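If you want the building blocks of each chain, they are given just below.
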Amino acid sequence: QGGGDLSPSRPVSPSPGRLLMVASIQSVMQAAPSGAQLGQLMRTIGPGETLEPEKLIVWLSEHGYNRLDQVEVPGDFAVRGGIIDVYLPGDYAASGDMVGLPVRIDFFDDQVESVRKFDIETMGSLEKIESIQLVDLKGQIDSSDSTSIFSHLPEDTIVVLWAPLEIAEQAK
């Protein structure tokens, strides 16, 4: 069999250090944000960073987070004095069985003093977190500055497209 044979009966296992991406044809055909757009759609926050709390509040609001008096579900944020609670969406090892991760960003003036997990039931602060990454929740990208997902992957990435009927339909 040739080196390019990826039949279902032949397992695909990348060598160490190589990425394997399994995706549908529709997902790889969608526009992906450019590197510049990714910088605007994501924000990393950690202790010691200089950041005006008001600027973070505006960023969260503009990127699809819901401001409430108390966070309830992933995508919510709440402000109380120099504290901003954010319920991060997604799966995190640190959150156990729970979906999302509630974090508390504690400010001293315009400096992030600490970032901690907190208990959603008791609202009590828990262990410190080195940093968090906030992501845009709106999912809208500027198509004039978009790119392909392949531009973000190393050249030696193995890409496996599944749903052969969908591939045939898209090829028409």
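Predicted model, so just to flag it, every value in this text is computed and none were measured.

In this section: the nonpolar core. L56, L60, V86, I132 and L134 are the most contacted members of the largest nonpolar core, which has 20 residues in total. Secondary-structure elements contributing two or more residues to this core are α3 (53–62), β6 (83–88), β7 (101–108), β8 (111–118) and β10 (132–135). Excluding its chain neighbours within four sequence positions, the residues that come into contact with L56 are I45, L51, I84, I105, F107 and L134. Core analysis: the second largest hydrophobic core is formed by 6 residues, V71, A78, F118 and M123 among them.

Sheet strands line up and pair through hydrogen bonds in the backbone, either parallel or antiparallel. Strand order in the open sheet formed by 6 strands is β4-β5-β6-β7-β8-β9, with mixed pairing between adjacent strands. At either margin of the open sheet sits one strand with a lone partner, and together these are β4 (66–67) and β9 (125–128). Across the sheet, α3 touches β4, β5 (76–80), β6 and β7, and the angle it forms with β6 is around 25°.

Let's shift gears to the confidence of the model for the chain. Summarising the model, the chain shows a mean pLDDT of 83, and 85% of its residues fall at 70 or more. Taken element by element, the chain is modelled with least confidence in helix α4 (residues 164–171), mean pLDDT 72, and with most confidence in β4, mean pLDDT 97. Note on residues 1–10: pLDDT is under 50 here. Beyond four places in sequence and across chains, it has 6 contacts.

Let us look at the pattern of salt bridges. Between side chains of opposite charge, pairing is possible as soon as their charged atoms come close. Inspection of every chain in the model, using the stated rule, returns 5 salt bridges. The partner of E52 in a salt bridge is K55, with the nearest N and O atoms 3.9 Å apart. Overall, E52 belongs to the partly exposed group, its relative accessible area being 33%. For K117, the salt bridge is made with E127, and the minimal N-O distance between the two is 2.8 Å. One end of the pair, K117, is in strand β8; the other, E127, is in strand β9, with 10 residues separating them in the sequence. Of the residues examined, E127 reaches a relative accessible area of 43% and is grouped as partly exposed. Here the salt bridges do not stand alone but share partners, grouping R80, D85 and R104 into one network.

What counts and how
- Residues numbered from 1 in each chain as written.
- Predicted model: local features only at pLDDT ≥ 70, side-chain atom pairs only at ≥ 80, totals over all residues.
- Heavy atoms only, no water.
- Core = buried A, V, L, I, M, F, W, Y, C linked by side-chain atoms within 4.5 Å.
- Buried < 20%, exposed > 50% of the residue type's maximum accessible area, 1.4 Å probe, protein only.
- Helix = DSSP H or I, 4+ residues; strand = E, 2+ residues; numbered from the N terminus.
- Contact = heavy atoms within 4.5 Å.
- Pairing = 2+ DSSP bridges.
- Axes fitted to C-alpha atoms, helices over the stretch in contact; angles between N-to-C directions.
- pLDDT = per-residue confidence, 0-100.
- Salt bridge = Lys/Arg side-chain N within 4 Å of Asp/Glu carboxyl O.

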